Amino acid sequence: MPVIDPARIPSDLLPVVEALCATGAEVARIIARGPLGQALGAGVGENSDGDQQKALDVLADEKFEAGLRSAGVRFYASEEQEEVLSLVPGGKYAVAADPLDGSSNIDVNVTIGTIFSVFEAKEGADESFLRPASEQVAAGYIAYGPQCLLALTFGEGTQLYVLDPETGAFALAEEKMTLPEAAKEFSINSSNRRHWTAPVLAYVEENEAGAEGAKGKNMNFRWVGSLVAETHRILTRGGTFLYPSDARAGYETGRLRMVYEVAPMAFLVEQAGGLATDGVTPILSLTAEKLHERRPFVFGSRQEVERIAELHG
Ligand code: F6P
Ligand code: MN
């Protein structure tokens, strides 16, 4: 039984997608056993960016590296690795990944995920990733939640698959996801309110004023702390997500990483009919300059993301 129905996968990319699916299914099984296996949330060190690494971050990184190597991938860039890894000389693709997103939720049985972005490899390792986000040939996330889901795009819409526990394979659930144009929910870590810029504060205050304010409608608030979970909710029922730059030291360009968090999510969101910007400029028109660079990230329902850009003047 193939790990994913090959019908909607471009044939050149099929080995890479199969490796991502097989590895994702393996990671899902490890997560499902939780404390019955090893201590997945135990701190084991720091990554290149100074973030604490948990056991599952490292384990997922090792599994995806091995899976991508077996699929003939040339370069692998990971949140957990300071430098790009050269896997298979002559391989056609370069894959960037956040192998385990939302690691603060590992220990509390809340959705976590894997995010990936695929480019055609160039000669050089770094140049394969430091290029316009619009050059991605595929992007996706695997959400390890009540269901294990795969959202996937090749630039012709965003497909949704569910890992069927009865067969061990990802089965198509939605041919083309559609992100609603209008939103009833917004997401931002509001504990940072005192550090926000004026446009971000204005947008949140507009939402909080609800039906009595200029917006004329009530907005609900949600913050999971897992980008994958937040993105999946917004792709499904609309909403907005903001991780803007703020005045804290180290947050001058926000928190999320351009290459393996922001760019792939932007690709998925736009392919579902939503918008993704850095507040003003579409993410897909931007080029990463450093492997682990951060970008302010705003995405979701078209009308709201346009309003946020307008508030930025
Ligand atoms: O990978 C970074 C991440 O864990 C995202 O999944 C999430 O959106 C964000 O950080 C949460 O950040 P904070 O802890 O500042 O709310
Ligand atoms: Mn992450």
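Residues numbered from 1 in each chain as written. Chains lettered and ligands numbered in written order. Predicted model: local features only at pLDDT ≥ 70, side-chain atom pairs only at ≥ 80, totals over all residues. Heavy atoms only, no water.

## Some remarks on the coordination of the manganese ion (ligand 2)
Donor atoms from the polypeptide that bind the manganese ion (ligand 2) are Asp 98 (OD), Asp 101 (OD) and Glu 261 (OE), placed at 2.0 to 2.2 Å. Spacing between the donor residues of the manganese ion (ligand 2) along their common chain follows D-x2-D-x159-E. The burial state of Asp 98 is the same as that of Asp 101; both residues are buried. (Donors = N, O, S within 2.8 Å, 3.2 Å for Na, K, Ca; no water. Buried < 20%, exposed > 50% of the residue type's maximum accessible area, 1.4 Å probe, protein only.)

## Topic: the site of ligand 1
With respect to spatial proximity, the complete set of residues near ligand 1 consists of Asp 101, Gly 102, Asn 189, Trp 223, Gly 225, Ser 226, Leu 227, Tyr 243, Arg 255, Leu 256 and Glu 261. In the model, an oxygen atom of ligand 1 is placed 3.0 Å from a nitrogen or oxygen of the Arg 255 side chain. Between ligand 1 and Glu 261, the relevant distance is 2.7 Å, taken from an oxygen atom to a side-chain nitrogen or oxygen of the residue. Considering ligand 1 on its own, with 400 Å² of exposed area, one finds that the protein chains cover 84% of that surface. When its residues are assigned to classes, the shell around ligand 1 shows four nonpolar, four polar and three charged. (Near = heavy atom within 4 Å. Polar contact = N/O pair within 3.5 Å; in protein donor to acceptor, adjacent residues only side chain to side chain. Areas by Shrake-Rupley, 256 points an atom, 1.4 Å probe, with all protein chains shown as cover. Nonpolar A, V, L, I, M, F, W, Y, C, P; charged D, E, K, R; others polar.)

## So, the side chain of Ser 117
You can see Ser 117 is positioned in strand β6 (residues 112–120). A distance of 2.9 Å separates the side chain of Ser 117 from the side chain of Gln 136, its partner in a polar contact. Non-local contacts of Ser 117, meaning those with residues more than four positions away in its chain, are made with Ala 94, Val 95, Ala 96, Gln 136, Ala 138, Ala 139, Val 259 and Pro 264. (Helix = DSSP H or I, 4+ residues; strand = E, 2+ residues; numbered from the N terminus. Contact = heavy atoms within 4.5 Å.)

## A word on the environment of Glu 83
You can see Glu 83 is positioned in the loop between β3 (75–78) and β4 (85–86). Given a relative accessible area of 52%, Glu 83 falls into the exposed group. Taking the C-alpha atoms as reference points, Glu 83 and Asp 126, separated by 43 residues in sequence, lie 8.4 Å from one another.

## Details of the domain arrangement of the chain
A common way to express how large an interface is: the accessible area buried when the components associate. Partitioning the chain into domains gives domain 1 (6–174) and domain 2 (185–311). Centre-to-centre separation of domain 1 and domain 2, based on C-alpha positions: 23 Å. Opposite the 49 residues of domain 1 that make contact, domain 2 presents 31 residues. Of the roughly 2800 Å² buried at the junction of domain 1 and domain 2 (both faces included), carbon and sulfur atoms supply 62%. The largest per-residue losses of area from domain 1 upon contact with domain 2 belong to Ile 115, Leu 130 and Tyr 141, which jointly make up 21% of the total buried on that side. Summed over the shared surface of domain 1 and domain 2, the number is two salt bridges. (Domains from an automatic or database assignment. Buried area = accessible area lost by both parts, 1.4 Å probe. Salt bridge = Lys/Arg side-chain N within 4 Å of Asp/Glu carboxyl O.)

## Things to note about the pairing of strand β1 (residues 43–46)
In this sheet, strand β2 (residues 52–54) lies alongside β1 in antiparallel orientation, the contact comprising three bridges. Its bridge partner being in β2, Gly 43 is matched across the sheet by Lys 54. Following β1, the chain reverses through five residues before pairing antiparallel with β2; Gly 50 in that reversal takes a positive phi of roughly 85 degrees. (Pairing = 2+ DSSP bridges.)

## Observations concerning the sheet that holds strand β8 (residues 148–153)
Spatially, β4-β3-β5-β6-β7-β8-β9-β10 is the arrangement adopted by the eight strands of the open sheet, whose pairing is mixed. Each end of this open sheet is capped by a strand with a single partner; those strands are β4 and β10 (169–174). Note that β3 and β4 share two bridges and pair antiparallel. Within the sheet, the bridge partner assigned to Tyr 76 lies in β4 and is Leu 85. Packing of helix α4 (residues 227–237) onto the sheet brings it into contact with β5 (93–101), β6, β7 (138–144), β8 and β9 (158–164), and relative to β7 it is tilted by some 105 degrees. (Axes fitted to C-alpha atoms, helices over the stretch in contact; angles between N-to-C directions.)

## Some remarks on helix α2 (residues 55–70)
Taking 1.5 Å as the rise per residue, α2 with 16 residues should run 22 Å; its terminal C-alpha atoms sit 23 Å apart, in good agreement. Listing the buried residues of α2 in full gives Ala 55, Leu 56, Asp 57, Leu 59, Ala 60, Asp 61, Phe 64, Glu 65, Gly 67 and Leu 68. After α2 finishes, the residue Gly 72 shows a positive phi value of roughly 80 degrees. (Expected span 1.5 Å × (residues − 1).)

## So, unusual backbone geometry
Positive phi is not limited to glycine here, since Asn 109 has a value of about 60 degrees. In this structure, Asn 109 sits in the loop between β5 and β6. Judged by its relative accessible area of 76%, Asn 109 is exposed.

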